[in-house]
Amino acid sequence: MKTSFLSLFLFLICSSLYAQISFFAENILLHNELDIQQYIKNTEKDFQSKEIDLSLTYFKKSVASKHYTFQILFKNIPLLYASIKVNTNLQDKLISIKKENIDISEILYFDANI
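Structural notes, computed from the coordinates.

Criteria and cut-off values
- Residues numbered from 1 in each chain as written.
- Predicted model: local features only at pLDDT ≥ 70, side-chain atom pairs only at ≥ 80, totals over all residues.
- Heavy atoms only, no water.
- Pairing = 2+ DSSP bridges.
- Helix = DSSP H or I, 4+ residues; strand = E, 2+ residues; numbered from the N terminus.
- Salt bridge = Lys/Arg side-chain N within 4 Å of Asp/Glu carboxyl O.
- Buried < 20%, exposed > 50% of the residue type's maximum accessible area, 1.4 Å probe, protein only.
- Core = buried A, V, L, I, M, F, W, Y, C linked by side-chain atoms within 4.5 Å.
- Phe/Tyr/Trp six-rings, centres within 6.5 Å; stacked < 30°, edge-to-face > 60°.

So, the pairing of strand 2 (residues 52-61)
- Sheet topology note: the strand 2/strand 3 (residues 65-74) ladder contains nine bridges and is antiparallel. Note on strand 3: the bridge partner recorded for L54 is I72.
- Where strand 2 hands over to strand 3, the hairpin turn is made up of three residues, counted between the paired strands.

What follows is the structure, encoded as structure tokens:
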């Protein structure tokens, strides 16, 4: 039991998964996927590089909100397990942005030092 717990702990530490979620109180209206992509490129520091892009991979309209998932692209190559999830209410007001499994600053640093 201790060995499996230790293995899981080491895996989680070494895998360096990265997630960040932001919630918004102000009225930011994003009517479609292009508005969302533009907003992220203009406000999220890591996404202001011309080498980083977003591609919509999932959209669902539920009873109370809209859910978008974007694949993160680096030089038009999809990054494995790297995505951004954006949620808006039905009036297109931004609720949350969640960046998953990627620290883009590390990729940009690595690419700049090759």
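Remarks on the pattern of salt bridges
- Counted under the stated rule, the structure contains four salt bridges.
- In this structure, K85 engages E100 in a salt bridge whose closest nitrogen and oxygen atoms are separated by 3.9 Å. Here E100 lies in strand 5 (residues 94-100) and K85 lies in strand 4 (residues 77-89), a separation of 15 residues in the sequence.
- Under the relative-accessibility criterion, K85 is labelled partly exposed at 34%.
- One salt bridge in this structure joins K98 and E100, with 3.2 Å as the shortest N-O distance.

Quick word on the nonpolar core
- Ranked by size, the top nonpolar core spans 19 residues in total, and within it I40, I72, I84, V86, L94 and I97 carry the most contacts.
- Mapped by element, the contributors of at least two residues to this core are helix 2 (33-43), strand 2, strand 3, strand 4 and strand 5.

A look at the packing of aromatic side chains
- The tally for this structure, following the rule as stated, stands at two aromatic pairs.
- Measuring from centroid to centroid gives 4.9 Å for F59 and Y68, while their planes differ by 50°, and the two rings are tilted.
- By relative accessible area, F59 is classed as partly exposed at 41%.
- By relative accessible area, Y68 is classed as buried at 5%.
- On the numbers, 6.3 Å between centres and 10° between planes, the contact of Y68 with F70 is stacked.
- Members of the aromatic cluster, joined through ring pairs, are F59, Y68 and F70.

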